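# A closer look at the structure
Chain residues, written in single-letter form:
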Amino acid sequence: MNITVTVNGQPCTRDVEPRLLLVHFLRDELDLTGTHWGCDTSNCGACVVWLDDVPVKSCTVLAVMASGREVRTVEGLERDGELDPVQKGFSECHGLQCGFCTPGMMMTSRWLLDRSPDPTEAEIREALSGQICRCTGYENIVRSVRWAAEHPAEKPEEVTP
Amino acid sequence: MQVPANFEYEKATTVEETLALLARHGDEARVVAGGHSLLPMMKLRLAQPEALIDINDVAELARIRIEGGMLCVGALVRHAELLDSPVAGEHFPILHDAERVIADPVVRNRGTVGGSLCQADPSEDLSAAFGALKASAVIRGPDGERTVSLREFHTGPYETVVEPGELLIELRIPIRPGVGGGGPPSGGRYQHGSAYEKVERRVGDWPLAAAGAALWLEGGRIADAGIGLTAVRAEHFVAPEAEEVLRGAVPSEEVFAEAGRVAAEHCDPGSDQRGPADYKRHLAGELTTRALRRAYGRSQA
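Residues numbered from 1 in each chain as written. Chains lettered and ligands numbered in written order. Predicted model: local features only at pLDDT ≥ 70, side-chain atom pairs only at ≥ 80, totals over all residues. Heavy atoms only, no water.

## So, the domain arrangement of chain A
Much of the literature gives interface size as the accessible area that the parts lose upon coming together. All names here are of chain A. Which entries qualify depends on this criterion: Note that the domain bounds reflect an automated or database-derived domain assignment. Note on contacts: a residue pair qualifies if any of its non-hydrogen atoms lie within 4.5 Å across the two residues. Polar contacts here mean pairs of N or O atoms no more than 3.5 Å apart (in protein, one a potential hydrogen donor and the other a potential acceptor; neighbouring residues in sequence count only if both atoms are side-chain atoms). Each helix is a run of H or I in the DSSP string that is no shorter than four residues. Each strand is a run of E no shorter than two, and both are numbered from the N terminus. Charged residues are taken to be Asp, Glu, Lys and Arg, nonpolar residues to be Ala, Val, Leu, Ile, Met, Phe, Trp, Tyr, Cys and Pro, and polar residues to be all remaining types, Gly included.
If you check the domain split of chain A, you get domain 1 (2–76) and domain 2 (85–150). When each unit is reduced to the centre of its C-alpha atoms, the spacing between domain 1 and domain 2 is 21 Å. Facing the 17 residues of domain 1 at the interface are 14 residues of domain 2. Viewed at the interface, domain 2 and domain 1 are joined by 4 residue pairs in polar contact (both at pLDDT 80 or more). Those elements that place two or more of their residues in the side of domain 1 that touches domain 2 are strand 3 (48–51) and strand 4 (54–57). At 3 residues, the largest contribution of residues to the side of domain 1 that touches domain 2 is made by strand 4. For the side of domain 1 that touches domain 2, a count of residues per class yields 8 nonpolar, 6 polar and 3 charged.

Structure (structure tokens):
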């Protein structure tokens, strides 16, 4: 089946089987291996990407369901070569050890901060509660998200057309 | 790597189109929306539909609205949308209580209200919440539309009255003191409150047990009550015997405790990896009492 998914702003057209999962479409068809494939049961959250501006677990979404929609992956977090504050926060606060859960953690964190720019620790833990860090590095993950909240990206100046 | 078996994929954009596709593909077709129950089952070959009909674009099913004195929740409403809906929370806080403890925020972004009800897992939360509220389900098929009380919706574990070829459209909950009648015979207004209490082993897990309570009060007495239970094999996810204890009573700690005791007595929990039966039975009673206490508090707020 022919599908076109806009991934990180780029329309990508491929011929796929309907049973292909979005996580494998991203990794195997588009070589976007930043999205990790973990538990396969929608428990661990390693595979979280945005589907139309909302984080979802891509091991439990069919690629064909994303056709005609927008997907954002960890590769799409940076802007013009500048890392997203969430990425900087994970770097500054040692928010990762093995790094397997990190892409999913960061995608959900960005979504949280867009909705709630100054979240409490409890709000961060709640937002990330569907994601597992098997290094158990949760303390530093929460600190990383707080760091990002305290160091928001400078908004580009509004240009009047 | 877990991958579903092959299937034919169809995308519907309207209810009519969905019903036509269901008719064309017959008994082996399944409707998919969030897919968070169906796709894991397909990976494990516990389900192997020959065709999937994707209803994610059927916008008419994705609305929460008030119509005819009822709160109507479309089958395609995502869990996160019900949790974020001020109108749902204002009238029926039990829905927000329940949604807050269903799976996790990312799963709630994708999973749908209708999908959870039609999956009909015996530990599902919304079945108990909607059961407590005495909601009804609107189902459409080739022969037209029918409305079924949620208390007749489930026919067993993973089984509902939705037939092959039919589609769950929405859930309707009467807002009894409001427009459209259904208020107390005196012509006044009910005081209403509702709440949901759940014990889970870890965040996002299925409940060991959970209870929902809804109270409608008039003149200092309980005019009507709804008790929902899940994960404890309560028939149709409700506890009518406990509701009988409450009806006509003056609300008190003693009455709430007695309703809890009766609810616990009439369910039939089994022992499994989540916990032993006697503990679940204890929870069913205690959580019923707590939900009633909180529902009553809200009715007086």
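## Observations regarding the packing of aromatic side chains
Here is the rule: Here is the rule: rings of Phe, Tyr and Trp (six-membered ring for Trp) pair when centre to centre is within 6.5 Å. Planes less than 30 degrees apart are stacked, more than 60 are edge-to-face, and the remainder are tilted. Two conditions define a charge sitting above a ring: the NZ of Lys or the CZ of Arg must be within 6 Å of the ring centre, and it must be within 35 degrees of the ring normal.
Following the criterion strictly, the structure yields 1 aromatic pair over all chains and no others. The lysine or arginine in question, A:Arg72, covers the ring of A:Trp50, its NZ or CZ lying 4.8 Å from the ring centre.

## A word on the interface of chain A and chain B
Note the following rule: By convention, the term buried area covers the 1.4 Å-probe accessible surface removed from two parts as they join, with the contributions of both added. What makes a salt bridge here is a side-chain nitrogen of Lys or Arg within 4 Å of a carboxyl oxygen of Asp or Glu, nothing more.
The partner chain B presents 30 residues to the 32 residues of chain A that form the contact. Taken together, both faces of the contact between chain A and chain B bury some 2500 Å²; the carbon and sulfur share is 59%. Of all residues in chain A, A:Arg19, A:Thr60 and A:Met65 bury the most surface against chain B, accounting for 26% of the area lost on that side. For the pair chain A and chain B, the interface holds 5 salt bridges. One salt bridge in this structure joins B:Asp104 and A:Lys57, with 2.8 Å as the shortest N-O distance. On inspection of chain A and its partner chain B, the count reaches 9 residue pairs in polar contact (both at pLDDT 80 or more). If you list the elements that add at least two residues to the side of chain A that touches chain B, you get strand 3, strand 4, helix 3 (102–115) and helix 4 (121–127) of chain A. Counting residues per element, the side of chain A that touches chain B draws most heavily on strand 4 of chain A, at 4 residues. Classifying every residue of the side of chain A that touches chain B by side-chain character gives 16 nonpolar, 9 polar and 7 charged.

## What about the sheet that holds strand 3 (residues 51–54) of chain B?
All names here are of chain B. Put simply, the rule is: One requirement defines pairing of two strands: DSSP has to find at least two bridges between them. To obtain each axis, a line is fitted to C-alpha atoms, and for helices this fit is confined to the stretch in contact; angles are then taken between N-to-C directions over 0 to 180 degrees.
An order of 1-3-2 is seen for the 3 strands of this open sheet, with the pairing classed as parallel. With partners counted over all chains shown, the strands left at the sheet margins are strand 1 (8–11) and strand 2 (29–32), one partner each. When the angles between neighbouring strand axes are averaged without regard to direction, this sheet yields 25°. As paired strands, strand 1 and strand 3 are joined by 4 bridges and run parallel to one another. Bridging from a neighbouring strand, Tyr 9 pairs with Leu 52 of strand 3.

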